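The primary structure of each chain is shown beneath.
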Amino acid sequence: MVITIDGPAGAGKSTVAKLLAKKLGFAFMDTGAMYRALTVKAMRCQVRLEDAEALVALAKKTHIDLLNEPGQPLKVLLDGEDVSEAIRATDVTNNTFYIARTPGVRHVMVEWQQLMGRRQSMVGDGRDLGTVVFPEAEFKFYLDADFAVRCQRRIDELKSKGQPVDPKDLERDLAERDHQDISRKVGPLKQADDAILVDSTRMSVEEAVDFMFSRIKSKI
Ligand code: C5P
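All of the points below concern the structure found in this document.

Reading the values: rules and limits
- Residues numbered from 1 in each chain as written.
- Predicted model: local features only at pLDDT ≥ 70, side-chain atom pairs only at ≥ 80, totals over all residues.
- Heavy atoms only, no water.
- Helix = DSSP H or I, 4+ residues; strand = E, 2+ residues; numbered from the N terminus.
- Expected span 1.5 Å × (residues − 1).
- Buried < 20%, exposed > 50% of the residue type's maximum accessible area, 1.4 Å probe, protein only.
- Arc of directions from axis to C-beta.
- Contact = heavy atoms within 4.5 Å.
- Pairing = 2+ DSSP bridges.
- Axes fitted to C-alpha atoms, helices over the stretch in contact; angles between N-to-C directions.

**Observations regarding helix 1 (residues 13-24)**
An α-helical turn contains 3.6 residues, so a residue and the one three or four places further along point in the same direction. Between its first and last C-alpha, helix 1 extends 16 Å over 12 residues, near the 16 Å set by a 1.5 Å rise per residue. Inspection of helix 1 places Lys13, Val16, Ala17, Leu20, Ala21 and Leu24 among the buried residues, and these make up the whole buried set. Burial along helix 1 is one-sided: seen end-on, the buried residues are contained in an arc of 130°. The inward-facing, buried residues of helix 1 abut strand 1 (2-6), strand 2 (27-30), strand 6 (122-126), strand 7 (139-144) and helix 9 (205-217). A positive backbone phi angle near 75° is found at glycine 25, which sits one or two residues after helix 1.

**As for helix 3 (residues 52-60)**
Along helix 3, the residues that are buried comprise Leu55, Val56, Leu58 and Ala59. On an axial view of helix 3, the arc spanned by its buried residues comes to 160°, and they lie on one face. Away from the buried face of helix 3 by more than 90 degrees, exposed residues Glu53 and Lys60 are located. Looking at the packing, one finds that the buried side of helix 3 touches helix 2 (31-44), helix 4 (90-100) and helix 5 (103-119).

**Quick word on the sheet that holds strand 3 (residues 64-67)**
An order of 3-4-5 is seen for the 3 strands of this open sheet, with the pairing classed as antiparallel. Across the chains shown, the open sheet's two edge strands, defined by having one partner strand only, are strand 3 and strand 5 (81-82). For strand 4 (residues 75-78) and strand 5, the ladder comprises 2 bridges, and the chain directions are antiparallel. Opposite leucine 78, over in strand 5, you have glutamate 81 as the bridge partner. Where helix 2 meets the sheet, its contacts fall on strand 3, strand 4 and strand 5, and the angle it forms with strand 4 comes to roughly 40°.

This is the structure:
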């Protein structure tokens, strides 16, 4: 069984998806982490981020794995190396759009994700899971929240990790990322017609998870 959670940055998708997966005993697939991991590799290899062909070639010779271990945070492996922390750096976040806008790279990513979805029951979060990657998913959710709330959540998250954060920069970057995700030609951020909209503006993480869990349980 595949459950998809799409939505904009800062809506809480990863946190909710992780907890929902745990509750259901499913694997968790953070597809944003995969785009981020390839960005790390492209930056390290000094591939020109505007060079679509080079990015596709790089994707084809890269191995990205998501490791679900009981009781452990998701591990993101880039050619076997644990890059779970490196992928969260601000410059990686801001450069991921070059990778995500490249159709050939998305094609490679979608194939990997579909392969993972065939292997195990899972909860995946991203932008295009309900529309492109798993159009036949059993349950689809679109998690959204007001812009100001999404910004505040990101600020709290970075502060809790001890990372410096300028609220104005963060607001600008998040708005820019929303725009890039929505306006991209291939695999844009979009609510699938059959996805259930969950507005988490006034919901706690637990409430969002419980809401999704009860919708799933009522049908299986
Ligand atoms: O979810 P997260 O914010 O970590 O994703 C990082 C970036 O990866 C997003 O801004 C988006 O551009 C891209 N992404 C995507 N398709 C997905 C997941 C993430 O294009 N399925």
